[in-house]
Amino acid sequence: MSRLEVADIFRAHGPTWRHQERGHFSLGQLKVMSAVEHCRSAALGGHALRCSACAQPQIAYNSCRNRHCPKCQGSAAQRWLEARSADLLPVDYYHVVFTLPAPLSALAYTNKELMYGLLFDVAADTLRTIAADPKHLGARIGLTLVLHTWGSALTHHPHVHGIVPGGGLAPHADRWVPCRPGFFLPVRVLSRLFRRRFLEELSAAHGRGRVQCFGEFAALSNADAFAQWLAPLRQMEWVVYAKRPFAGPKAVLAYLSRYTHRVAISNSRLIALDERGVTFRWKDYRAEGRTRHKTMTLTTPEFMRRFLLHVLPSGFHRLRHYGLLANPTRKKNVDLARALLQVPALPVTVAPTATATSKTTARPTFLCRHCGAPMLITETFARAQHIRAPPGSGASP
């Protein structure tokens, strides 16, 4: 029996749901639905294959490569990890999380680009500011932030995960300043500064007319009403926490492989699709022990709605590097840090030239599911049509 996939749910119920809810989807959400529905199907074309050993035939359909598709992230994550492994330093790495409180999460849904961007930039600025303070670390640090917008039950829960080396360069870049063993930065100090700076930036954005207020938030278009709405948020505790350091660089890579290219729900968590709806596994973080892992059943329209809550704005980067690890200066800073830590630079792997690469050493793209031998491409067929946008108003969904 084949495993249930998000694509199966969209194929079976997506067309009817789109027709019933016409006008309530963004173009980005419609594109994601279309990509997931057609991923690895004849609609996107593919290849006819034959095993070089046992002659078994096989059809391999093309992937949609959409970043929200549960089936297309594994290879993308692996390529990214291979590129980032050279940046690891022989120091402890820390995991920090910055979370928006519930009222701001609700407002963020209609202001994704603005508020997700603020979440990234303010969290990074908070870490760099506190780390640069001589009372805490007194160093310039680097960090990688990954945006997640979901809770385990697919609810809208924007937060960023940060991976930070345990130390940084001294102000004059003449030495490496390490953290205290097992301790990075005080989370209460981080939380207070994060709260203050985020609300300052959000208030300034509202003053420039960049905050869109619809539905239940329509009254917040007024500056005084918005300031009054923000007032309680200045008093509540904002969730910022830091976990214990990872157990070495390999553990950092293992963690990143699970988080950098994750989507709202993986196919492995799906259990059933029936007349009741969609049943899936989820983790209740408020529970302890064996009761933490539970199952949930949502009606099929509600499951699809929650999945599409997490479609990001077009062109929005959900993984960003700051400080010493910012893209323009990352290599120079990593090399300097390695020199100050007195560790050799990692060897550079030179890709072999086309003439030096033989067919016997090249990694095959397709392997036989029966015997594991390389598959030979016997035919290539193009996609049935270019899927670029939803049907026009005069076409059926």
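What counts and what doesn't
- Residues numbered from 1 in each chain as written.
- Predicted model: local features only at pLDDT ≥ 70, side-chain atom pairs only at ≥ 80, totals over all residues.
- Heavy atoms only, no water.
- Buried < 20%, exposed > 50% of the residue type's maximum accessible area, 1.4 Å probe, protein only.
- Helix = DSSP H or I, 4+ residues; strand = E, 2+ residues; numbered from the N terminus.
- Pairing = 2+ DSSP bridges.
- Phe/Tyr/Trp six-rings, centres within 6.5 Å; stacked < 30°, edge-to-face > 60°.
- Lys NZ or Arg CZ within 6 Å of the ring centre and 35° of its normal.
- Core = buried A, V, L, I, M, F, W, Y, C linked by side-chain atoms within 4.5 Å.
- Contact = heavy atoms within 4.5 Å.
- Axes fitted to C-alpha atoms, helices over the stretch in contact; angles between N-to-C directions.
- Parallel < 35°, antiparallel > 145°, perpendicular 65-115°, else oblique.
- Left-handed = near helix turned anticlockwise from the far one by under 90°.
- Nonpolar A, V, L, I, M, F, W, Y, C, P; charged D, E, K, R; others polar.
- Polar contact = N/O pair within 3.5 Å; in protein donor to acceptor, adjacent residues only side chain to side chain.

Once that is clear, we can look at the pairing of strand β10 (residues 277–283). Here β10 lies mainly inside the structure; 5 of its 7 residues are buried. Taken together, the 4 bridges between strand β9 (residues 270–274) and β10 define a ladder with antiparallel strand orientation. Counted as the bridge partner of Ala 272 is Thr 279 from β10. Counting the residues that bridge the hairpin from β9 to β10 gives 2 residues. Inspection of the sheet shows β10 paired to strand β11 (residues 293–298) by 6 bridges, in the antiparallel sense. Of the residues in β11, the one forming a bridge with Val 278 is Leu 298.

Before going further, it helps to examine the packing of aromatic side chains. Within the structure shown, the criterion is met by 12 aromatic pairs. Linked through ring pairs, Phe 98, Phe 194, Phe 198 and Trp 238 together constitute an aromatic cluster. It is Arg 320 that lies over the ring of Phe 316; its NZ or CZ is 4.6 Å from the centre.

Leu 104, Leu 127, Phe 184, Phe 194, Phe 198 and Leu 202 are the most contacted members of the largest nonpolar core, which totals 51 residues. When contributions to this core are tallied by element, the ones reaching two or more residues are β3 (93–99), α4 (102–108), α5 (112–132), β4 (142–150), β5 (156–165), α6 (187–207) and α7 (223–230). What Phe 184 contacts, discounting residues up to four positions off in sequence, is Tyr 94, Val 96, Leu 127, Ile 141, Val 164, Pro 165 and Cys 179.

Turning our eyes to something else, we now look at the sheet that holds β11. If you trace the 3 strands from one edge of the open sheet to the other, you get β9-β10-β11, paired in antiparallel fashion. Both edges of this open sheet fall to β9 and β11, since each of them pairs with a single strand only. Taken pair by pair, the neighbouring strands of this sheet meet at an average axis angle of 20 degrees, ignoring direction. The sheet contacts of helix α9 (residues 300–308) involve β9, β10 and β11, and relative to β11 the element is tilted by about 110 degrees.

With that settled, the discussion passes to the packing of α5 against α6. Where α5 contacts α6, the two axes come as close as 9 Å, and the packing angle between them is 140 degrees. Viewed along their axes, α5 and α6 adopt a mutual orientation that is oblique. Where α5 crosses over α6, the handedness of that crossing is right-handed. For the pair formed by α5 and α6, the contact residues are Leu 114, Met 115, Leu 118, Leu 119, Val 122, Ala 123, Asp 125, Thr 126, Leu 127, Thr 129 and Ile 130 on the first element and Val 189, Leu 190, Leu 193, Phe 194, Arg 197, Phe 198, Glu 201, Leu 202 and Ala 205 on the second. Broken down by class, the residue content of the contact of α5 with α6 amounts to 15 nonpolar, 2 polar and 3 charged.

Summarising the element assignment, His 156 is placed in strand β5. A polar atom in the side chain of His 156 sits 3.0 Å from the backbone oxygen of Ser 105. Each residue touching His 156, except ones within four places of it in the same chain, is listed here: Ser 105, Ala 108, Tyr 109, Tyr 116, Thr 149, Leu 309 and His 310.

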